[in-house]
Amino acid sequence: MSEADCRFSAPKGVADLLPPRSALSRAATDYFGQLAPLWGYWPIETPLFEKTEVFERSVGGTSEIVTKQMYTFEDKSGDSITLRPEGTAGVVRAFIEHEIYKKEPLPWRVFYAGEMFRYERPQAGRYRQFKQVGVEAIGAEEPEADVEQIELCLTFLEGIGVVSPRLLLNSIGDKACRPRYLEALDGFLSSNDVSSKLCQECRLRIGRNPLRVLDCKRAECRRVTEFAPKSVEYLCGPCRVHFDAVQAGLQALGIEFVLESRLVRGLDYYVRTAFEVISEGLHAAQDAVAGGGRYDGLVESLGGPPTGAVGFAIGVERSLEATRWANILSIRQPRSGSKAESAASSGLLTPGYSEQKGPPRFRIRDSSPDVVVVGVDDSCRTAALALGSRLRREGIATVVSPVGKSLKARMKYADRAGAHITAVIGPEELTSQTVAIRLMGSTEAKIAKQRTVPSNRAVSEVLAILRSESSEGDGTVSTSAQREPK
Ligand code: ATP
Ligand code: MG
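Conventions adopted
Residues numbered from 1 in each chain as written. Chains lettered and ligands numbered in written order. Predicted model: local features only at pLDDT ≥ 70, side-chain atom pairs only at ≥ 80, totals over all residues. Heavy atoms only, no water. Helix = DSSP H or I, 4+ residues; strand = E, 2+ residues; numbered from the N terminus. Buried < 20%, exposed > 50% of the residue type's maximum accessible area, 1.4 Å probe, protein only. Contact = heavy atoms within 4.5 Å. Areas by Shrake-Rupley, 256 points an atom, 1.4 Å probe, with all protein chains shown as cover. Near = heavy atom within 4 Å. Polar contact = N/O pair within 3.5 Å; in protein donor to acceptor, adjacent residues only side chain to side chain. Axes fitted to C-alpha atoms, helices over the stretch in contact; angles between N-to-C directions. Parallel < 35°, antiparallel > 145°, perpendicular 65-115°, else oblique. Left-handed = near helix turned anticlockwise from the far one by under 90°. Nonpolar A, V, L, I, M, F, W, Y, C, P; charged D, E, K, R; others polar. Expected span 1.5 Å × (residues − 1). pLDDT = per-residue confidence, 0-100. Pairing = 2+ DSSP bridges.

Chemist: Give me the lowdown on the overall build of the chain, citing residues and values where you can.
Modeler: Regarding its fold elements, the chain presents 20 helices and 18 strands. Classification of the 486 residues of the chain by burial places 51% in the buried group. Partitioning the intrachain contacts of the chain with sequence separation of at least 6 by distance along the chain shows that 71% fall at a separation of at least 24. Working note: accessible area of the chain is about 24,100 Å², and carbon and sulfur atoms make up 52% of it.

Listed below in structure tokens is the structure:
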């Protein structure tokens, strides 16, 4: 055997990530780790593998992931173990196992960044080990949660420079209205002139899970399903209200979207909102950089109490392939090199040398929100959502309290969430275009700082308070407002 024959290469579908491109991947996940806390998300780390059942029960027995893509093996004690193909199942398992619903104010917001494993046919943008960053808001019932997550997802994708990200949106109904839709879809797909044109796999899907036919990437299948019945036309009252509110919320934040009636997502647990972000920078069969939606029934089906939830996951490799940075960084350049220069002038490359004396200090970011925005009643929801968005754009970690609870419960929520400030918008404030800003805690000095300010000054007022507060701290735990304003 020659020496060359003895050399090993990485298994098919996985790749080494070497410098300098590795820096890009690390920078992207770090960036997500900086953004997510602004929306009130704390980091979570769940195991890279779970009992196989966790995925079978949550992702769904008819999904492509469970039927074809899982890395499943028996460990030495004979237990069936699966490398995680996605992040949600493990997070929900942890939520139930640790009885978070009894201990923490809900929604429980967590974010993750890590490796996922799927046995897929390797091709550009499709790997057997890949990274996702994602979030889950468990106990989030209201449409505002969907809107805020979409905002976070797009902020990240735009921040790393994904070429023309486009948000696709759909609602796939829930337990109440989906059966009627599935019946209509099944009728359409089973008709002879449709089914005869579908690929063999899709024909099998008709009986088992007709929704999945809409997800098929083959051009011919996509052509025939173009005129399939649309789930949005079969929504029950509550699903309709939810979907309308998601769209209104996106519009209020100036987020553009395209309604895509065939967007169903690959996993069984989704209800109501489904969204995907695609990029023109990628090949059409793998153009999704992110996907997410609601999974209201999942916590219950894994043994927890009925709990609304929403989440998304972003494919890190694919997102980076949809930017221009990958090319720039793939060539190591001397400092004056033109590619390195253009990366530097874009602000992507930061110099290794920092003005700060000595090595960097170890810091733990305080993930409790700086501000909880409380909308007093239904009429204030959009104003609360918009204020939350404006505060985050200034680097202020902000959570908008759910409206469904009593006002007292919401103020308590703000307190338990550890917020420094509450910003209250009631009908009175709405009319006078003001916001009532209140420092949490009850010392006299803090009460003296309560004030009602014009809403266009609310952000600068909050910033001023946070800066004066943080200058009193010892600096070992940094709140977002301690960072330089953008
Ligand atoms: P697709 O339709 O492309 O197969 P999916 O619906 O299976 O995607 P999700 O489970 O929603 O993907 O995962 C979220 C994101 O993770 C995708 O939008 C994509 O960017 C990324 N992703 C999924 N599978 C892979 C893979 N095998 N390799 C690299 N990235 C992936
Ligand atoms: Mg897939």
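Chemist: So, the site of ligand 1: which residues are in play, and what are the values?
Modeler: The full set close to ligand 1 counts 15 residues, and R118, E120, R126, K217 and R265 are the nearest of them. Within the contact set of ligand 1, an oxygen atom lies 3.0 Å away from a side-chain nitrogen or oxygen of Q132. A288 has a polar backbone atom sitting 2.9 Å from an oxygen atom of ligand 1. Expressed as a share of its isolated accessible area of 580 Å², the protein-covered part of ligand 1 is 93%. For the shell around ligand 1, the secondary structure elements donating two or more residues are β6 (129–138), β10 (288–294) and β11 (309–315).

Chemist: I'd love a proper account of the packing of helix α6 (residues 143–159) against helix α16 (residues 381–393), names of residues and values included.
Modeler: Contact geometry for α6 and α16: axes closest at 11 Å, N-to-C directions at 25°. Judged by the angle between their axes, α6 and α16 are roughly parallel. Between α6 and α16 lies a crossing whose hand is right-handed. Judged by residue contacts, P143, E144, V147, E148 and E151 of α6 engage R381, L385, S389 and R392 from α16. Among the residues making up the contact of α6 with α16, the classes are represented as three nonpolar, one polar and five charged.

Chemist: Before we move on, can you summarise α16 with the specific residues and values?
Modeler: Along its 13 residues, α16 runs 19 Å from first to last C-alpha, staying within 8% of the 18 Å computed at 1.5 Å per residue. Within the span of α16, buried status applies to R381, A384, L385, L387, G388, S389, L391 and R392. Following α16 by one or two positions, G395 adopts a phi angle in the positive range, close to 85°.

Chemist: Just give me the short version of the confidence of the model for the chain, but keep the residues and values in it.
Modeler: Looking at the chain as a whole, the pLDDT averages 88, with 89% of positions reaching at least 70. Scored below 50 in pLDDT, residues 474–479 shows 19 contacts in the model against residues more than four places distant or in partner chains. Note on residues 481–486: pLDDT under 50 across the span, and 14 contacts to partners over four residues away in sequence or across chains.

Chemist: Break down the sheet that holds β6 for me, with residues and values.
Modeler: The sheet built from eight strands is open, its strands ordered β1-β5-β6-β11-β10-β9-β7-β8 with mixed pairing. With partners counted over all chains shown, the strands left at the sheet margins are β1 (42–43) and β8 (258–259), one partner each. Pairing analysis gives two bridges linking β1 to strand β5 (residues 108–117), with the strands arranged parallel. Counted as the bridge partner of W42 is V110 from β5. Sitting on the sheet, helix α1 (residues 21–35) is in contact with β5, β6 and β11, with an inclination near 5° to β6. Strand contacts of helix α11 (residues 237–252): β7 (165–171), β8, β9 (271–279) and β10, with the helix running at about 160° to β7, the strand carrying the most contacts.

Chemist: Can you break down the packing of α16 against helix α20 (residues 458–470) residue by residue, with the values?
Modeler: Where α16 meets α20, the closest approach of the two axes is 10 Å, and the angle between their N-to-C directions is 50°. The angle between α16 and α20 places the two elements in the oblique class. Handedness of the crossing formed by α16 with α20: right-handed. Facing L387, R390 and L391 of α16, the residues of α20 in contact are A458, V459 and V462. By residue class, the composition of the contact of α16 with α20 is five nonpolar, no polar and one charged.

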